Amino acid sequence: MKAETIDNNGCPQRDSAEHEGYAEVRRSFRSIWKERDSAEPELLEKILDRGNLNRAFKRVRKKKGAPGVDGMTVDEAGAYFRENKDELIRRIKRGKYTPDPVRRVEIPKPDGGMRKLGIPTVKDRVFQQAITQKLTPIYEPLFSDGSYGYRPGRKAKDAIRKVKEYAEAGYRYAVLLDLSKYFDTLNHEMLLNILRRNIHDERVIQWIKRYLKSGVMVEGVVHETEEGAPQGGNLSPLLANIYLNEFDKEFEKRGVAFVRYADDIVLLAKSERAAQRLLESSTNFLEKKLKLTVNREKSRVVSVFSIRNFKYLGFALGRNASGVFIRVHPKSWKKMKSKLKYLSSRRSVQSLKPALERIKEYMRGWLNYLKSGVMVEGVVHETEEGAPQGGNLSPLLANIYLNEFDKEFEKRGVAFVRYADDIVLLAKSERAAQRLLESSTNFLEKKLKLTVNREKSRVVSVFSIRNFKYLGFALGRNASGVFIRVHPKSWKKMKSKLKYLSSRRSVQSLKPALERIKEYMRGWLNYYGIADMKRNIEELNGWLYHRIRACIWKQWKRPRTKMRNLMKLGIPKYYAHMAANSRRGNWFTSATSTVNRALSKERLIHNGFYDLSIAYQSKHVNY
């Protein structure tokens, strides 16, 4: 362990030529540059290609992240690279570039203990990303199909789906292998020898070696690293996969069913005895061949359907009459609920909008992780067909799909109207309509593989108020011709909602209640304003005025209060006294001329009443 010298600005400085801990590495690096004939120099040049470095920088900038030991942020790195990029590339090509040590950061693990992260400097993150971008195409074809972590196009949900497939095939027992401090215990010598099999440019090997040996800074002191690849570096996930690919290939060769996501390994067997043998053989291979440490307390054989014992990447498996299904593990669910409880607590919700944005951000990320299907009561069900209603893309996909129907019947010369999945085909005779019903049903079911509800699909007259309802509307006809009306069911639904909004329970405070009624009815009239309903709207408007007056009259309670308020509103004392002391009910009294004059339309409109007749006339005149 060696302490680093600190310059006047308090930043660790490392002299690339004189630094004692790097003298041996530098000598080997220089000798490699003299033996260029034995190398394949194009790989280093590809890594340092301008386009590759620009892509790497954009990737690092997009991920942001904390600064390393030099304190340089991602935002400051752009200017630094513009000034120093050429010099940095020259130093790398001459073998004189030495990476900075990583900054040690510790974060708590979910099951207790601390996870050690190593944060490289921004410039080293860019170079590591550039190396990763060129090594990934070399190693991707070599990786096993059972490996899912840190690989392009593969996610955690794919790994748990594979476990589900094995469970469906009869693999009921799982060997859960837990590697102790995997990233911190990678054997450098073994890793570099594995890399040499496929990377024939020794300069790249030595550059990677320098990253592995760059050291860790803890409280201003640099500690040498003899093993491990720091979690937090852009190159570490790829190196970790390359190292454990030895395990994958060995057990693939043995015909073992397994799934690996980074260092989370599951081996599957059809019997408990076979699973016990796998646990023993895999532990021996990892410890003796790969020089890793297996946590024997946590590594065990369990049933894949044991909700208490089997947890993989936050998921569990269940089974019922329909077969095997994926569910969220109770611990993952509990952790999410605990986080949500904190985000929605009084302490967190000081300001509503920022608090809701934080909840949205957290839950969107959580659901994105679990978006392998549909979650019902904590159980994730896979979706083999359909597009979920509620997604931004679903309406467009639905229209694209049913456009096949539109084009076909347009080609046949059929008069039709379609709004999403609500379809109306029109004909001049009942017989023609029956033929259309039969042909359209055949096309939808046989050609488009959809299911037509034969009970609800029928032929009706467009003027039948009882049978014809389309998007909440109906048609009527009179001496003036055909007109649009609101269907009775839509009208009944609206009046029921209005009755609730204008009830005594809802009208505790007048202005907020009137605002809610206004908001609802404005939306309703915006949709139904095209319909002819002048007389109905006027009757509804009068009924609504009456209900609001009755609520206000009820709120005044005592005769003395009623009399005082009526007189304030301009009613003579005699008439105010008569109305206030009336023995009739609130509904009757609120309809008297005295109360109508006190609570006139103009006065109620001034206080926020949404006059439906005026609103309807302004909407209807626009159509």
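Counting of residues starts from 1 at the beginning of each chain's written sequence and follows it residue by residue. A pLDDT threshold of at least 70 governs which residues receive local features in this predicted model, and a stricter bar of 80 or more applies before side-chain atom pairs are shown or counted, although totals over entire chains, interfaces and linings include all residues. To obtain the side-chain values, all non-hydrogen atoms of the structure were included, while hydrogens and water were left out.

1. Digging into empty space enclosed by the protein
At step 1: Here a cavity denotes a set of grid points, spaced 1 Å apart and computed over the protein atoms alone, in which a 1.4 Å probe fits but from which it cannot get out, and a pocket denotes an open set meeting protein on both sides within 12 Å along at least five of seven lines; residues with an atom within 4 Å of a point are reported as lining. Grid points are joined across faces, edges and corners, and a volume is the space filled by probe spheres set on the points. Here the structure, examined in full by the defined rule, presents three cavities of 30 Å³ or more.
At step 2: A volume near 100 Å³ is recorded for the largest cavity.
At step 3: For the lining of the largest cavity, the per-class residue count stands at nine nonpolar, four polar and two charged. Each residue is assigned to one class: nonpolar for Ala, Val, Leu, Ile, Met, Phe, Trp, Tyr, Cys and Pro, charged for Asp, Glu, Lys and Arg, and polar for all the others, Gly among them.

2. Things to note about helix α5 (residues 122–139)
At step 1: Labels follow the DSSP assignment, with helices taken as runs of H or I lasting at least four residues and strands as runs of E lasting at least two, numbered in each case from the N terminus. A helix's residues, less one, multiplied by 1.5 Å, set its expected span. When the terminal C-alpha atoms of α5 are compared, their 25 Å separation across 18 residues agrees well with the 26 Å that a helix rising 1.5 Å per residue should span.
At step 2: Its axis deflected by about 25 degrees at Q133, α5 carries its strongest bend there, up to four residues before the proline P137.
At step 3: The buried fraction of α5 amounts to 14 of the 18 residues, a majority that puts the element mostly inside the structure. In this analysis the local bend is the angle between axes fitted, respectively, to the seven residues ending at and the seven residues starting at the residue. Type-normalised accessible area, obtained with a 1.4 Å probe on protein chains alone, sets the label of each residue: buried when under 20%, exposed when over 50%, and partly exposed for intermediate values.

3. A word on helix α10 (residues 272–289)
Along an α-helix, a turn takes 3.6 residues, which lines up residues three or four apart on a common side.
At step 1: Between the first and last C-alpha of α10 there are 25 Å, a value that for 18 residues agrees with the 26 Å anticipated at 1.5 Å per step.
At step 2: Among the residues making up α10, those that are buried are A275, L278, L279, S282, T283, F285 and L286. Across the axial projection of α10, the buried residues extend over an arc of 165 degrees, all falling on one side. Residues of α10 that are exposed and point more than 90 degrees away from the buried face comprise R273, R277, E280, K288 and K289.
At step 3: The contact definition used throughout considers only heavy atoms, calling two residues in contact when any of these lie within 4.5 Å. Of the surrounding secondary structure, the elements contacted by the buried residues of α10 are β5 (173–178), α9 (236–253), β9 (264–269) and β10 (300–303).
At step 4: In the stretch just after α10, K291 is the one whose phi turns positive, near 60 degrees. Within this analysis, the arc is defined by the directions that extend from the helix axis to the C-beta atoms.

4. Examining the environment of D124
At step 1: Looking at the element boundaries, D124 is found in helix α5.
At step 2: Residue D124 is classed as buried on the basis of its relative accessible area, which comes to 1%.
At step 3: With near-sequence residues (within four places) excluded, D124 lies in contact with Y97, P99, D100 and Y211.

5. Let's talk about the nonpolar core
At step 1: Residues L195, W207 and F247 are the most contacted members of the largest nonpolar core, which totals 66 residues.
At step 2: In terms of residue count, the dominant contributor to this core is α9 (eight residues).
At step 3: Those residues in contact with L195 that sit more than four places away from it in its chain are Y139, I205, I208, L239 and I242.
At step 4: One finds V486, M521, A579 and V595 within the second-largest nonpolar core, a separate group that totals 42 residues. The nonpolar core is taken to be a set of buried Ala, Val, Leu, Ile, Met, Phe, Trp, Tyr and Cys residues, with the residues joined through side-chain atoms within 4.5 Å.

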